[in-house]
Amino acid sequence: MTVYKPRIVDALLERKLLGKGAVLVEGAKWCGKTTTASRVAKSVLKLGETSVLRSSRQLAEMNPALLLRGETPRLIDEWQTIPALWDSVRSEVDDRSAMGQFVLTGSAVPVSSDEIEHTGTGRIGRLLMRPMSLWESGDSTGDISLGKLFDTPEEIYAENHLDIEQLAFLTCRGGWPQASMMDGDVALDQARDYYDAVVHYDIQRADGVERDPERVKLLMRSYARHQGAAVNYSVICADMQTNDNSSLNDDTVASYVKALKKIFVVEDMRAWNPNLRSKTAVRTSDTRYFTDPSIGVAALGIGPKDFLNDLNTFGLFFETTVVRDLRVFAEALDGELYHYRDKNGLECDAVLHRRNGTYGLIEIKLGGDGLIEEGAANLNALEEKIDTTKMKAPSFKMVLTGTGMYAYRRKDGVYVVPIGTLKV
């Protein structure tokens, strides 16, 4: 019997269905879209099955609306295999004038805009689903609520049960639902299989352009080395050229990155622009991240033992783990994740800014008292720069760590929270 681990997006999907005629659930392959959508569906059309797809295509040529018949919400899985269904869903939603009629999911292979006539605005809502956070996979106790930190509690407390070896394994395993139910090397194999599929198949289908798998590997290795850094395409291009003697330029790199974004393999982070007391210039370059740290691990061909022998590299991948979790949580908190860097070198790894104007400042550190002090100093320095006559003061400042026994609030008001205790 398959065990379903509840997802944060469960509640978001149910809410979307109350306000839209249809909902499109997007995200990386293997992140659990179909399984999650199936739990709210009353009928299902599985276009991922060859026999079903073949007969459904024949029916769609005559009248695609016939494929939409069934108890609602009706799940159309792998809808992009019959692009005409998009316009049929939009039209059917208009005709029925009812909410919660359809859920569309796909394998993250996008449909060309010239294959659909209408965007679906107002009729079809969208949800971005990411791999599991540590809380969703059952690896965090969830004793500290990120949402409750916006109320600025005077005191917090929790015990962390994740040690550095477990954290190294979880970073390499990633947030893939299937892998979260496996142990050891079998669990680690899932990310490697995902990486192989991206390199050899998925990126080829992203926009119909044939791409060299070896060049894709070079790009993903460079991305893995520059996680959390605001590097431009020329830096990545230079990395690749050391092993690629053929013609290669920034435009080529940009096209490869764009394809990876289309299939939700990479998700860069935009810069945050607060109102500052001074005229300090804010660096606005995007910061590079994979959707899940395990993708970069697979790209470099490393594992948990490598992390334990190289804590600097581990720190980079741990940051991607935290960013993944914070993005999952931000979605539920009606917020978005940004980074901050200015010309003077002051930075903040993550800023969770909510639509209501509240925000939290977050520094990410693998562990150690010295790094926690450094993170807290950065947070306090940034808070001093913010012009609170023009925007709200931060709701909280937090150093989010990998190791450490406890979650607590420091005397300067900065929360220190191990990732193994955090939930939405």
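Provided above is the structure to which this section pertains.
Reading guide: rules and limits
- Sequence positions are assigned chain by chain, starting from 1 and proceeding in written order.
- The predicted origin of the model limits local features to residues at a pLDDT of at least 70 and limits the giving and counting of side-chain atom pairs to 80 or more, whereas totals for whole chains, interfaces and linings rest on all residues.
- Heavy atoms throughout the structure, all of them, feed into the side-chain values; hydrogens and water do not.
- By definition, a salt bridge exists where a carboxyl oxygen of Asp or Glu is found within 4 Å of a side-chain nitrogen of Lys or Arg.
- Per-residue accessibility, obtained with a 1.4 Å probe over protein chains only, is compared with the maximum for each type, and a residue is labelled buried under 20%, exposed over 50%, and partly exposed between these values.
- Helix and strand definitions follow DSSP, with helices as H or I runs of at least four residues and strands as E runs of at least two, each counted in order from the N terminus.
- A helix's residues, less one, multiplied by 1.5 Å, set its expected span.
- Fitting axes to the seven residues ending at a residue and to the seven starting there, one defines the bend at that residue as the angle between these axes.
- The contact criterion used throughout is that any non-hydrogen atoms of two residues lie within 4.5 Å.
- Think of it this way: DSSP has to see at least two bridges between two strands before they count as a pair.
- Note on geometry: axes are lines fitted to C-alpha atoms, helical ones only across the stretch in contact, with angles between N-to-C directions running from 0 to 180 degrees.
- Definitions used for this entry: grid spacing 1 Å over protein atoms alone; cavity, a set of points where a 1.4 Å probe fits but cannot get out; pocket, an open set with protein on both sides within 12 Å along at least 5 of 7 lines; lining residue, one with an atom within 4 Å of a point.
- Grid points are joined across faces, edges and corners, and a volume is the space filled by probe spheres set on the points.
- The classification used treats Ala, Val, Leu, Ile, Met, Phe, Trp, Tyr, Cys and Pro as nonpolar, Asp, Glu, Lys and Arg as charged, and all other residues, Gly among them, as polar.
- When the centres of two rings from Phe, Tyr and Trp lie within 6.5 Å, Trp using its six-membered ring, the rings pair. Their planes under 30 degrees apart give stacked, over 60 give edge-to-face, and anything left gives tilted.
- We count a charge as sitting over a ring when the NZ of a lysine or the CZ of an arginine lies within 6 Å of the ring centre and within 35 degrees of the ring normal.

Caption draft 1: Summary view of the pattern of salt bridges. This structure, assessed with the given rule, holds 27 salt bridges. We note a salt bridge from arginine 410 to aspartate 412, for which the minimum N-O separation is 2.9 Å. Under the relative-accessibility criterion, arginine 410 is labelled buried at 17%. Its relative accessible area of 31% is what places aspartate 412 among the partly exposed residues.

Caption draft 2: Structural view of helix α13 (residues 311–332). A rise of 1.5 Å per residue sets the reference length of α13, with its 22 residues, at 32 Å; its end C-alpha atoms lie 32 Å apart and thus fit the reference within 8%. Positive phi appears at aspartate 334, one or two residues downstream of α13, with a value of about 55°.

Caption draft 3: Highlighting helix α7 (residues 184–205). Helix length check: α7 (22 residues) gives 32 Å between terminal C-alpha atoms against 32 Å at 1.5 Å per residue, within 8%. Its maximal kink placed at valine 198, α7 deviates by approximately 50°. Within α7, the full set of buried residues consists of Ala187, Leu188, Gln190, Ala191, Tyr194, Tyr195, Ala197, Val198, Val199, Asp202, Ile203 and Gln204. Residues of α7 that are buried in the fold lie against α6 (164–173), α8 (213–225), α10 (250–262), α11 (293–300) and α12 (304–309).

Caption draft 4: Seen up close, the sheet that holds strand β1 (residues 22–27). The sheet built from five strands is open, its strands ordered β2-β3-β4-β1-β5 with parallel pairing. One side of each edge strand has no neighbouring strand; the edge strands of this open sheet are β2 (43–46) and β5 (124–129). When the angles between neighbouring strand axes are averaged without regard to direction, this sheet yields 20°. Contacts from helix α1 (residues 9–19) reach β1, β4 (102–105) and β5, with the element oriented near 175° to β5.

Caption draft 5: Broad picture of empty space enclosed by the protein. Here the structure, examined in full by the defined rule, presents three cavities of 30 Å³ or more. Roughly 100 Å³ of internal volume is contained in the largest cavity. Split by residue class, the lining of the largest cavity holds seven nonpolar, no polar and four charged.

Caption draft 6: How the structure looks around the sheet that holds strand β9 (residues 347–354). Taking strand neighbours across the sheet as the criterion, the seven strands line up as β7-β12-β13-β11-β10-β9-β8 in an open arrangement whose pairing is mixed. Two strands in the sheet have a free side with no partner beyond their single neighbour: β7 (158–159) and β8 (335–341). As paired strands, strand β10 (residues 359–365) and strand β11 (residues 396–401) are joined by six bridges and run parallel to one another. Bridge pairing in β11 links isoleucine 362 to methionine 398. On the sheet, helix α14 (residues 369–385) packs against β8, β9, β10, β11 and β13 (415–418) and is oriented at approximately 155° with respect to β10.

Caption draft 7: Representation of the packing of aromatic side chains. Scanning the model with the defined rule gives 10 aromatic pairs in all. Note on tryptophan 30 and tyrosine 194: the rings are 5.8 Å apart at their centroids and 65° apart in plane angle, and the pair reads as edge-to-face. Here tyrosine 194 lies in helix α7 and tryptophan 30 lies in the loop between β1 and α2 (33–38), a separation of 164 residues in the sequence. Among the aromatic residues, those joined into a cluster by ring pairs are Trp30, Trp176 and Tyr194. Its guanidinium or amino end placed over the ring of tyrosine 256, arginine 211 lies 5.2 Å from that ring's centre, counting from NZ or CZ. Seen from the ring of phenylalanine 150, arginine 354 lies directly overhead, with NZ or CZ sitting 4.6 Å from the centre.

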